[in-house]
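Breakdown of the fold
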Amino acid sequence: MSKNKKKFSLRVNSTINPIFPCLCLLPALAAIVIFDLFPALVNIGMSFTNYQGYGLDFNWVGLENYGAIFGLEGKEVFHSLFITLKFTVIELFAQQLLSLGVALLIAGKLKGKNFFRVLFFMPTILGVTVIGFIWLMIFDPISGPVAVFLQTNFNIESSLLGDSGIALYLCIFVVIWTKFGYSMVIYISGLQNIPEELKEAARIDGANARQVLFNVTLPMLRPALVICFWLGINSGLTQYAMIFTLTNGNADTTTFSLYFFKRVMNASMNKGETAALSMLYFVFTTVIMLTFNHFFRRKENDAF
């Protein structure tokens, strides 16, 4: 009987050339090198020069551009970084709490939940310019509904998006309104993948609704949480288009992305110094992302 036993082994089809899979990767690798790696290396080299534009002479200046960032421009640069960090933190946690709360309601036994799912997701498909001009009309300090409501009911006059005390928070509100539906859909998908038997077992053991949420639902929702937090951090750190449309960076709302955008669009600015700014921002965002990644990995290790 032992002589009749067949041995099974994993074999590579001899008709397939092992070089063929590597050749299939070449277009993607070439695209990464041409459109990602090469421009990044050029930008690093440019940050050490006084490059002003195509066709103009430039010289190697070493760390002079970086010195300018930490020198005369330091106040504006680091203030914009602070605004970016403030914007990201507030927008991130407020948006995720709202998205998760709405997802929990819609994933439950709410009547007409398909209608609300479409309604809340709809702002994500609108363009930045459309949303920006809609909210510009709403926040119009003279005839806008918000200004009229405040003046009529509370006798409060405010320039709203022109008020440095609240303009940033209004921008955050608009961004949350625009993007929370996207995270909501991800959370709903995650909630639908949680076995109902786990919740029922917890209820049978005497767990109340709060204990089921924190001990069953949220731990099982961790992958969706990680994705939504990654997207939220990226949105906050790179936010400039909506702020540009609403305030043009006035009233103390200039994030670093908007500051950098204006520098790039200004033809008279030193392009080498702008490249150095991009390197500073790369370090800034990398530190934040690594901190976030370390935090979630530690939470995963603690969970297991």
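Scoring rules and cut-offs
- Residues numbered from 1 in each chain as written.
- Predicted model: local features only at pLDDT ≥ 70, side-chain atom pairs only at ≥ 80, totals over all residues.
- Heavy atoms only, no water.
- Core = buried A, V, L, I, M, F, W, Y, C linked by side-chain atoms within 4.5 Å.
- Buried < 20%, exposed > 50% of the residue type's maximum accessible area, 1.4 Å probe, protein only.
- Helix = DSSP H or I, 4+ residues; strand = E, 2+ residues; numbered from the N terminus.
- Contact = heavy atoms within 4.5 Å.
- Salt bridge = Lys/Arg side-chain N within 4 Å of Asp/Glu carboxyl O.
- Phe/Tyr/Trp six-rings, centres within 6.5 Å; stacked < 30°, edge-to-face > 60°.
- Patch = residues over 30% accessible without salt bridge, like charges linked within 9 Å, V, L, I, M, F, W, Y side chains within 5 Å.
- Areas by Shrake-Rupley, 256 points an atom, 1.4 Å probe, with all protein chains shown as cover.

Val77 and Tyr187 are the most contacted members of the largest nonpolar core, which totals 55 residues. Element by element, the count of residues in this core is highest for helix 7 (residues 167–192), at 13 residues. Here Val77 is in contact with Ile69, Phe256, Tyr259, Leu277 and Leu280, once residues within four sequence places are set aside.

As enumerated under the stated definition, the model contains 3 salt bridges in all. Close ionic contact of Glu200 with Arg203 constitutes a salt bridge, the shortest N to O distance being 3.2 Å. Here Glu200 pairs with Arg203, and both are found in helix 8 (residues 196–204), just 3 residues apart, close to one helical turn. Residue classification places Glu200 among the partly exposed residues on the basis of a relative accessible area of 38%. Relative accessible area serves as the criterion here: at 41%, Arg203 is assigned to the partly exposed category. The closest approach of N and O atoms between Glu273 and Arg263, which form a salt bridge, is 3.7 Å. On the criterion of sequence distance, the pair formed by Glu273 in helix 13 (residues 271–303) and Arg263 in helix 12 (residues 256–265) is long-range, its members being 10 residues apart. Salt bridges sharing partners connect three or more residues here, namely Glu196, Glu200 and Arg203.

A full pass over the atoms with the stated rule returns 17 aromatic pairs. For the pair Phe120 and Phe180, a centre-to-centre distance of 5.6 Å together with 55° between the ring planes defines the contact as tilted. Pair noted here: Phe120 is in helix 4 (residues 113–121) and Phe180 is in helix 7, with a separation of 60 residues, a long-range link. Classification of Phe180 by relative accessible area gives buried; the value is 8%. Relative to Phe154, the ring of Phe149 lies with its centre 5.8 Å away and its plane at 70°, an arrangement referred to as edge-to-face. Counting every residue linked through ring pairs, the aromatic cluster contains Phe93, Phe229, Trp230 and Phe292.

Moving on: a nonpolar patch on the surface. A cluster of nonpolar side chains, namely Val118, Met122, Ile125, Leu126, Val130, Ile134 and Met137, defines an oily patch on the protein surface of about 640 Å² accessible area. Here the nonpolar patch takes 3 residues from helix 5 (residues 128–138), the largest share from any one element. Looking at the element boundaries, Ile125 is found in the loop between helix 4 and helix 5.

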